[in-house]
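Structural characterization, general
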Amino acid sequence: MTVRELRATLSAHALVVLVCVFSALPVVWAVSTSFKGPAAIFAPDLVPADPTLDNYRATLATFPVARLVLNTGAVAAAVAALQLLLAVLAAYGLVRFRFRGGPVVLTALAAAIIVPQQCLIVPNYLLAAQMGWIDTYVGLAAPQLAGCALGVLLLHQHVRAFPRSLLDAAQIDGAGHATVLWRIVVPNLRPVLVALAVLFFITSWNEYLWPLLVASGTERATVQVGLQAFQTEQGNDWGRMMAAAVLVTAPVLLAYGLAQRWIVAAFVQGTGR
Amino acid sequence: MVVVRMLGRHGLVMLVVVALAAGCGAGGEAADGGDGSQTPGAGTQQDAAEPITITWESYNYGTQGLGGEGTQRLLDAFAEQHPDIRVEPVGTPAGEIHTSVQAKAAAGDPPEVAQIGWSKFAFAQENLPLVPVQEIAPPGEWEAHVAGFSEQALAIGEADGQIVAMPYAVSTPTLFYNADLLRQAGLDPDAPPETWDEVRSAALQLVERTDAEGVYLAAANAAKSDFITQSLINSNGGRLLAEDGTAAFDGPEAVEALAMTQDLTESGAQPRIADDEAVALFRAGRLGMYLTSTALLAGFQEAATDGDWELRTAGMPAFGAQPVRVTNSGGGLFVLTDDPEEQAAAWEFVRFLTSDEAFTILATTIGYLPLRPAAVDDPDQLGSYLEENPALLPAIAQLDELEPYQDMPGPDGARARELLQDEAVAPIMLDGADPTATLSAVADRVDELLAP
């Protein structure tokens, strides 16, 4: 390795390390704050001078951690799975079937991405109320499915880039569209599908406004709505809020840690093909 | 058609969809019975005497801490006294509750009773299907109920000559102070500062002679509430809005009032920090004086007991010899049902929440003001409590001079208020912005936003 190459490698690594530190700092600070007493909450110490477990004790005594994590996890998993399914079907259909209005559909999907969610709150709520979905898990999840437009557009590009001759050859051999889609296209799109699944899951997990409206303060409340309970008219309890944030994030991090091998493998698989 | 045929052939895909959808449904059932808990009274709905159910959307309900605990106590007490009425509480943060109620009203299912902040009073009147609370009371009951109410407090909920919303969770600015720190600084805690000049010199003495900070005014705060801003401007003879609804906070009195907050910071009497940090400092016993809402009283009492320091309160300081004209923060109870039976139940609930008993619970658990003077004097209600815990007395005394909160009307009212707080009050108080020029520029922009 020449000096120039070494310098380039070191610079690249330094940049990556810097980005990692920058990304991790808020999380580390949240964990640190969760171990601080009320008097030290705003102290600029990354390592608490006088660490305490009081925030965790008080939070576990009154805050329904398990319920919120289960609610949010179930909804986010269902939303991610269904969005992925819809996106795959839509992208394949838009590429493989020529029909009048196809470009219009694509344009409409692109437009759907830029419409702010707040504009859709009232019509979505009206629809959910008419369907009897208020304060139900279906009500929490269903409107979020419309957020798969980004997935459709991304997958549309990938399906379009798929060698057409390969798909035609499969069909000449007697494979129907379903076989082509599920046996040939989907396995080869695994890296992008995994990336999309993670993106959909995180987006749904972080959803705040819709769950607040459709299932606030009830048995079906989600993590983001639950954390809001520490911001009150009587002041914000940052210590307990950070303890709660750590507690609700831990299971997801743990799940990711356990599944990391498969997720990375899925990313890597196919990239060489 | 092709897609349908595809799905038909591939039952597995359908199975996944159905299983996920069923998972949602199954989750719902598990949530109802999974932990064995039920909504209070849910099991008795089908019983012989079927209670009427009303929904109450509240920004205190369900919150972690004293606000949530106090509200639950109110609900428990009401449930015990009124088995014929079942109240289903819904907790929504103060900043979102008006939007939430609006969406539900548009869907034809608003909560029967909602607790909405006074800063959304104009919004509520313009956008929600309100039924004035005065109209739902049976003949004779209204007069009997409001007979014990503070007149100034009742006026907060008035619009077009009648009481539209019942004043409920109300607080005023109060000067909290750490008596131990004042003693350490050589100040007399029995004679707290009564004017802003006295506050300034006491704060500087605190900074000089102790390790603590001097004073902090919660005028610039994360909640973007402007009730302290208004209280300061009113007390210096100014107004937030003129009679014609245009911005008046660029007048000389308002400029002088906000210049005072800047002078506190520039002189070192007030630390250059955010309001949340000031709360933490005061709770930790490292801030001498703190002007904020009485809603923080119970939390401060808890911190003072834990930290072994003495908490005391005083009324909001005056500008020289001028009278103190505080305004209120907090929220009122709004009724949103046309159904006579639900209105009757809503009235019973509202009447309870604004009774001597409820104000006693609100005052002792949270720090909201008892709006019925009778409860203050009655030894069975707040009388004996206040004798031992006089911290609320200065704020109660201020009720006699209460100026109703001025909300910014119209669809952009909330934006206008945020503009005032974010681009005038905070920069003037903490960042040294020129008070005259800043307030004048922001007033022009607020006028544009409020123009009909």
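Because the structure is a prediction, the values reported are computed rather than measured.

Re the pattern of salt bridges
In total, this model carries 19 salt bridges over all chains according to the counting rule given. In this structure, the salt-bridge partner of Arg57(A) is Asp54(A), at a minimum N-O distance of 2.8 Å. Highlighted residues: Arg57(A) and Asp54(A), both in helix H2 (residues 54-62), separated by 3 residues, approximately one helical turn. For Asp54(A), a relative accessible area of 45% corresponds to the partly exposed category. Put simply, Asp180(B) and Arg183(B) hold a salt bridge, and the shortest N to O gap is 2.8 Å. One end of the pair is Asp180(B) and the other is Arg183(B), both in helix H9 (residues 179-184) and 3 residues apart, which spans about a single turn. Judged by its relative accessible area of 27%, Asp180(B) is partly exposed.

Section: the interface of chain B and chain A
By a widespread convention, an interface's size corresponds to the accessible area lost as its parts come together. Contact residues are listed per partner, giving 41 residues for chain B and 41 residues for chain A. Here chain B meets chain A over a buried area of about 3600 Å², counting both sides, of which 67% is carbon and sulfur. Run the count over chain B and chain A and you get 6 residue pairs in polar contact (both at pLDDT 80 or more). Elements that contribute at least two residues to the side of chain B that touches chain A include exactly helix H1 (2-9), helix H2 (11-33), strand E2 (85-91), helix H4 (97-106) and helix H13 (275-283) of chain B. Looking at the side of chain B that touches chain A, the element that brings in the most residues is H2(B), giving 8 residues. Grouping the constituent residues of the side of chain B that touches chain A by class yields 21 nonpolar, 12 polar and 8 charged.

Some details on the sheet that holds strand E11 (residues 329-335) of chain B
Through backbone hydrogen bonds, the strands of a sheet pair up, either in parallel or in antiparallel fashion. Residues and elements named next belong to chain B. On the basis of which strands lie adjacent, the open sheet formed by 5 strands has the order E2-E1-E3-E11-E6 and mixed pairing. Edge positions in the sheet fall to E2 and strand E6 (166-171), since each of these pairs with one other strand and no more. Taken over all neighbouring pairs, the strand axes of this sheet differ in orientation by 20° on average, direction set aside. Pairing between strand E1 (residues 52-58) and strand E3 (residues 113-117): 2 bridges, direction parallel. Each residue of the ladder has a partner; that of Glu57, found in E3, is Ala114.

A closer look at helix H16 (residues 356-365) of chain B
All names here are of chain B. Taken across its 10 residues, H16 has 7 buried, putting it largely inside the fold. Listed in full, the buried residues belonging to H16 are Ala358, Phe359, Thr360, Ile361, Leu362, Ala363 and Thr365. Buried-residue contacts for H16 involve helix H3 (66-81), E6, helix H14 (297-307), helix H15 (340-353), helix H17 (373-377) and helix H18 (379-388). One or two residues past the end of H16 sits Gly367, with phi positive at roughly 125°.

Observations regarding the packing of helix H3 (residues 65-96) of chain A against helix H9 (residues 177-188) of chain A
Residues and elements named next belong to chain A. With their axes 12 Å apart at the nearest point, H3 and H9 run at an angle of 115° to one another. Considering the angle they form, H3 stands roughly perpendicular to H9. For the element pair H3 and H9, the recorded crossing hand is right-handed. Here Leu85, Val88, Leu89, Tyr92 and Arg96 of H3 come into contact with H9, specifically with His177, Val180, Leu181, Trp182, Val185 and Val186. Residue composition of the contact of H3 with H9, by class: 9 nonpolar, 1 polar and 1 charged.

A short note on the domain arrangement of chain A
Residue and element names in this part refer to chain A. Looking at chain A, the domain boundaries give domain 1 (1-52) and domain 2 (53-272). Computed over C-alpha atoms only, the centres of domain 1 and domain 2 are separated by 29 Å. At the junction of the two partners, domain 1 supplies 9 residues and domain 2 supplies 9 residues. Interface of domain 1 and domain 2: buried area, both sides summed, is about 700 Å²; carbon and sulfur atoms make up 66% of it. Scanning the region where domain 1 abuts domain 2 turns up 0 salt bridges. Inspection of the domain 1/domain 2 interface yields 4 residue pairs in polar contact (both at pLDDT 80 or more). The residue makeup of the side of domain 1 that touches domain 2, split by class, is 5 nonpolar, 3 polar and 1 charged.

Procedures and definitions
Residues numbered from 1 in each chain as written. Chains lettered and ligands numbered in written order. Predicted model: local features only at pLDDT ≥ 70, side-chain atom pairs only at ≥ 80, totals over all residues. Heavy atoms only, no water. Salt bridge = Lys/Arg side-chain N within 4 Å of Asp/Glu carboxyl O. Helix = DSSP H or I, 4+ residues; strand = E, 2+ residues; numbered from the N terminus. Buried < 20%, exposed > 50% of the residue type's maximum accessible area, 1.4 Å probe, protein only. Contact = heavy atoms within 4.5 Å. Buried area = accessible area lost by both parts, 1.4 Å probe. Polar contact = N/O pair within 3.5 Å; in protein donor to acceptor, adjacent residues only side chain to side chain. Nonpolar A, V, L, I, M, F, W, Y, C, P; charged D, E, K, R; others polar. Pairing = 2+ DSSP bridges. Axes fitted to C-alpha atoms, helices over the stretch in contact; angles between N-to-C directions. Parallel < 35°, antiparallel > 145°, perpendicular 65-115°, else oblique. Left-handed = near helix turned anticlockwise from the far one by under 90°. Domains from an automatic or database assignment.

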